[in-house]
Amino acid sequence: MKGTVVISCLLSLLLLQATAEEEKVEDFISALRDRSHIDETLRLATEDKSGDYAVAIENLRKIYHSSIKPMEQAYKYNELRQHEISDGEITSKPMVLFLGPWSVGKSSMINYLLGMQDSPYQLYTGAEPTTSEFTVITHGEKIRSVEGIVMAADSSRSFSPLEKFGQNFLEKLVGIEMPHKMLERVTFVDTPGIIENRKQQERGYPFNDVCQWFIDRADLIFVVFDPTKLDVGLELEMLFRQLKGRESQIRIILNKADNLATQDLMRVYGALFWSLAPLINVTEPPRVYVSSFWPYDYAPDTSRDLFKREEISLLEDLNQVIENRMENKVAFIRQHGIRVRIHGLLVDRYVQTFKEKMSYFSDPELVFKEIVDDPDKFYIFKSILAKTNISKFDLPNRDAYRDFFGVNPVTNFKPLTAQCSYMGGCLLDKIEKAITNELPALLSSINSGKQPGLTSCEATGCGEKPKNRYRKN
């Protein structure tokens, strides 16, 4: 009889425990935030015009290879800027980069946007520093992880240049592929949190240089902060120095905002601006979003409506980047072409000046050292401004050319007058045509919704003999 009672009590306890577990699961599910506004704001249900986008990308790639890259290679532009444009970079999707101190919610935010919580491939989160890798989340036919060594070795991806940071870094690079509608249009990059008391050399790879590589290629940069720990130290100051010139891509996020009362949140908002003001020296500061970006419901008695509007506003910013991805690609390649053209004109001017100053009894090294040490004496830069429509603000640093010619002797370069051929045309004519005609025409065709097509003739120049404007009559 006693045994029956004991068994009955145990069964009752197990039943109560199971009921409690079910209630916990139901409470957990009900506590998850509604994500329908994410799909609506990003218009993920609408059909993506991938066909037109692929045609426009192919035309952009052809313009780059036929009109910009030849001058880039002839005058070794990549050795000046250390930025080589690959086909993978041209065809890549817009990149959204997440930066900020440790444990501010960067990984949780990505899990929330992609609905990855409680999946085998969710990004690990916690109160302690949890992310030690650079994690790249891209679209794929199935869910799988990709090692950094594989990502760098695949030339079809845009991450092959990362090999230059060494094998230690590639071990800290991880890729995640998954079939997600949002990832068909954008790529997310999660970064290790900034830890103010850690020296960079302890990471085993050049952390700041790697961050700069991603910053230079990001279309949107989310700098995330936790309102309960706004410590701005040397590491964060270095990060904002690296973000100089990219202010239009920066969005500052004050995450976990529902952890504070409204009055405290206002004080933290002011303190954040006070701390960042010396680091962001622009007339119009970056937009700050205040919300709580994670999958679970907002804390009770907080400004839920405000947080929801802020979240939708941030998603609209993200959607703007996605919808303008082709226009941004064309603008990026055109800006790159302008820099390559300026570089070619400057190298040509150095070469011409060197030849003019050389005589039979001159020492070539001493002659060119005088030119490169004081280019203003020989009107190197002023002559470029006088003969072209280049802005003085677009001219590169003069000291950079001292280093450039230290590695590449001036005698290795031909003047622009010698960079013409009957079949290939003139390098300068081709790059100027791309900047002034072909790329703007491609941009117009995208904006008008027409089928984009190449407006340029092929390398033969439509059968016309190339005109060399620099040849003396």
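Our structure is the block above this text.
The notes below deal with the structure included here. (Residues numbered from 1 in each chain as written. Predicted model: local features only at pLDDT ≥ 70, side-chain atom pairs only at ≥ 80, totals over all residues. Heavy atoms only, no water.)

### Thoughts on the overall build of the chain
Thinking step 1. Helices and strands together make up the secondary structure of the chain, namely 17 helices and 10 strands.
Thinking step 2. The buried share among the 473 residues of the chain stands at 45%.
Thinking step 3. For the chain, long-range pairs separated by at least 24 residues make up 80% of all intrachain contacts whose partners lie at least 6 apart in sequence.
Thinking step 4. Carbon and sulfur atoms make up 52% of the accessible area of the chain, which amounts to about 25100 Å² in all. (Helix = DSSP H or I, 4+ residues; strand = E, 2+ residues; numbered from the N terminus. Buried < 20%, exposed > 50% of the residue type's maximum accessible area, 1.4 Å probe, protein only. Contact = heavy atoms within 4.5 Å. Areas by Shrake-Rupley, 256 points an atom, 1.4 Å probe, with all protein chains shown as cover.)

### As for the sheet that holds strand β5 (residues 187–190)
Thinking step 1. The mixed open sheet is built from 8 strands, whose spatial order is β3-β4-β2-β5-β1-β6-β7-β8. Of all strands in the sheet, those bounded by a partner on one side alone are β3 (144–147) and β8 (287–290). Taken pair by pair, the neighbouring strands of this sheet meet at an average axis angle of 20°, ignoring direction.
Thinking step 2. Relative to strand β4 (residues 173–178), strand β2 (residues 134–139) runs parallel, the two being bridged by 6 bridges. Bridged to isoleucine 137 within β4 is isoleucine 176.
Thinking step 3. Across the face of the sheet, helix α9 (residues 207–217) comes into contact with β1 (95–99), β2, β5 and β6 (220–225) while running at roughly 145° to β1.
Thinking step 4. Lying on the sheet, helix α11 (residues 262–276) is in contact with β6, β7 (250–254) and β8; it crosses β7 at an angle near 145°. (Pairing = 2+ DSSP bridges. Axes fitted to C-alpha atoms, helices over the stretch in contact; angles between N-to-C directions.)

### Some details on unusual backbone geometry
Thinking step 1. Non-glycine residue lysine 76 carries a positive phi angle of around 50°.
Thinking step 2. By secondary structure assignment, the location of lysine 76 is in the loop between α3 (50–74) and α4 (78–81).
Thinking step 3. Taking relative accessible area as the criterion, lysine 76 reaches 33% and is therefore assigned partly exposed.
Thinking step 4. Despite not being glycine, tyrosine 379 has its phi angle at roughly 55°, a positive value.
Thinking step 5. Relative to the helices and strands, tyrosine 379 resides in the loop between α14 (364–373) and α15 (380–387).
Thinking step 6. Given a relative accessible area of 51%, tyrosine 379 falls into the exposed group.

### A word on the packing of helix α13 (residues 325–357) against helix α16 (residues 398–407)
Thinking step 1. At a minimum axis separation of 13 Å, α13 and α16 run at an interaxial angle of 70°. Between α13 and α16, the interaxial angle falls into the category roughly perpendicular. Relative to α16, the crossing made by α13 is right-handed. When α13 is examined against α16, the residues His343, Leu346, Val347 and Tyr350 are found in contact with a partner set consisting of Tyr401, Phe404 and Phe405.
Thinking step 2. Considering only residue class, the contact of α13 with α16 consists of 6 nonpolar, 1 polar and no charged. (Parallel < 35°, antiparallel > 145°, perpendicular 65-115°, else oblique. Left-handed = near helix turned anticlockwise from the far one by under 90°. Nonpolar A, V, L, I, M, F, W, Y, C, P; charged D, E, K, R; others polar.)

### Some words on the packing of aromatic side chains
Thinking step 1. Going through the model one piece at a time under the given rule, you end up with 26 aromatic pairs.
Thinking step 2. Here a set of aromatic residues connected by ring pairs shows up, and it is made of Tyr75, Tyr350, Phe354, Phe368, Phe381, Tyr401, Phe404, Phe405 and Phe413.
Thinking step 3. Taking NZ or CZ as reference, arginine 33 lies 5.0 Å from the ring centre of tyrosine 112, over its face.
Thinking step 4. The ring of tyrosine 298 carries arginine 33 above its face, with NZ or CZ at 4.0 Å from the centroid. (Phe/Tyr/Trp six-rings, centres within 6.5 Å; stacked < 30°, edge-to-face > 60°. Lys NZ or Arg CZ within 6 Å of the ring centre and 35° of its normal.)

### Re the pairing of β1
Thinking step 1. In terms of burial, β1 is a largely internal element, 5 of the 5 residues being buried.
Thinking step 2. Side chains Met95, Leu97 and Leu99 of β1 all project onto a buried face; the interleaved residues Val96 and Phe98 project onto the opposite face, where all are buried too.
Thinking step 3. Pairing analysis gives 4 bridges linking β1 to β6, with the strands arranged parallel. Pairing of leucine 97 across the sheet is with isoleucine 221, part of β6.

### Quick look at the pattern of salt bridges
Thinking step 1. Going through the model one piece at a time under the given rule, you end up with 18 salt bridges.
Thinking step 2. A salt bridge links aspartate 317 to arginine 251, with the nearest nitrogen and oxygen atoms 2.4 Å apart. Here arginine 251 lies in strand β7 and aspartate 317 lies in helix α12 (residues 304–323), a separation of 66 residues in the sequence.
Thinking step 3. Given a relative accessible area of 18%, aspartate 317 falls into the buried group.
Thinking step 4. Among the ionic pairs, lysine 369 bridges to aspartate 373, the shortest N-O distance being 2.8 Å. Placement of both lysine 369 and aspartate 373 in helix α14 is noted, with a separation of 4 residues, approximately one turn of the helix.
Thinking step 5. Judged by relative accessible area, which is 48%, lysine 369 ranks as partly exposed.
Thinking step 6. Here the salt bridges do not stand alone but share partners, grouping Lys369, Asp373, Asp399 and Arg402 into one network. (Salt bridge = Lys/Arg side-chain N within 4 Å of Asp/Glu carboxyl O.)

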